[in-house]
Amino acid sequence: MTATPVKNNQPGRPRKRVKVLAADKGYDSKDLRKALRKRGIRPQLPKRTRKTKKNRGRPIKISVPRFQIERCFAWFQRKYRRLVVRWERISACFNAFVTLATIHIWINRILLVG
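What counts as what
Position numbers for residues start from 1 in each chain and track the written sequence from start to end. A pLDDT threshold of at least 70 governs which residues receive local features in this predicted model, and a stricter bar of 80 or more applies before side-chain atom pairs are shown or counted, although totals over entire chains, interfaces and linings include all residues. With hydrogens and water set aside, each side-chain value is computed from the structure's full complement of heavy atoms. Secondary structure is summarised from DSSP: a helix means a run of H or I of at least four residues, a strand means a run of E of at least two, and numbering begins at the N terminus for each. Burial classes: relative accessible area under 20% of the type maximum marks a residue as buried, over 50% as exposed, and values in between as partly exposed (1.4 Å probe, protein chains only). In this description, contact between two residues means that some pair of their heavy atoms is separated by no more than 4.5 Å. To be clear on the numbers: accessible area is Shrake-Rupley with a 1.4 Å probe, and residue cover counts the displayed protein chains and nothing else. Under this definition, polar contacts are N or O atom pairs within 3.5 Å; protein pairs additionally need one hydrogen-donor-capable and one acceptor-capable atom, and for neighbouring residues in sequence, both atoms have to be side-chain atoms. Within the patch definition used here, like charges are joined within 9 Å and nonpolar side chains (Val, Leu, Ile, Met, Phe, Trp, Tyr) within 5 Å, considering only residues with over 30% relative accessible area and no salt bridge. For this analysis, a salt bridge means a side-chain nitrogen from Lys or Arg found within 4 Å of a carboxyl oxygen belonging to Asp or Glu.

1. Some words on the overall build of the protein chain
The helix and strand tally for the protein chain stands at 4 helices and 2 strands. Starting at the N terminus and walking to the C terminus, you meet the elements of the protein chain as β-α-β-α-α-α. Buried positions account for 11% of the 114 residues belonging to the protein chain. For the protein chain, restricting intrachain contacts to residue pairs at least 6 apart in sequence, the fraction spanning at least 24 positions comes to 23%. When the accessible surface of the protein chain is summed, it comes to about 11,100 Å², and 57% of that surface belongs to carbon and sulfur atoms.

See the structure below:
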């Protein structure tokens, strides 16, 4: 750690020691934190998350199953390429095209089934 150069964009002699050291979860350990604090450096390391117990109880129910959403995207991709590529920059126009495509799909379904 002592041979690590610290780069900053300030004129003058470069500092040899930083005030705060930021790193990722891989460096989180009690020994490293202790060594940094001993040198006067504040460690800014996120804690490692350790999942100890399984989630208990009833599982969370998703309101719309994933396959229904994927099927809707497949319908849009088959006939309405404009919606999949999203050429529209204005959100109101895009929402209008989505609404029209949905109405068109439902009318076709009603006429074919009914």
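Let's pick the thread back up.
2. Description of the side chain of Asp 28
Considering the arrangement of structural elements, one finds Asp 28 in the loop between strand 1 (20–22) and helix 1 (30–38). A distance of 2.9 Å separates a polar atom in the side chain of Asp 28 from a polar atom in the side chain of Arg 33. Other than its neighbours up to four places away in sequence, Asp 28 contacts Arg 33, Leu 45, Pro 46, Lys 47 and Arg 48.

3. A closer look at a nonpolar patch on the surface
Together, Val 84, Val 85 and Trp 87 make up a nonpolar patch on the protein surface, roughly 280 Å² of accessible area in all. On the secondary structure map, Trp 87 appears in the loop between helix 3 (81–85) and helix 4 (91–113).

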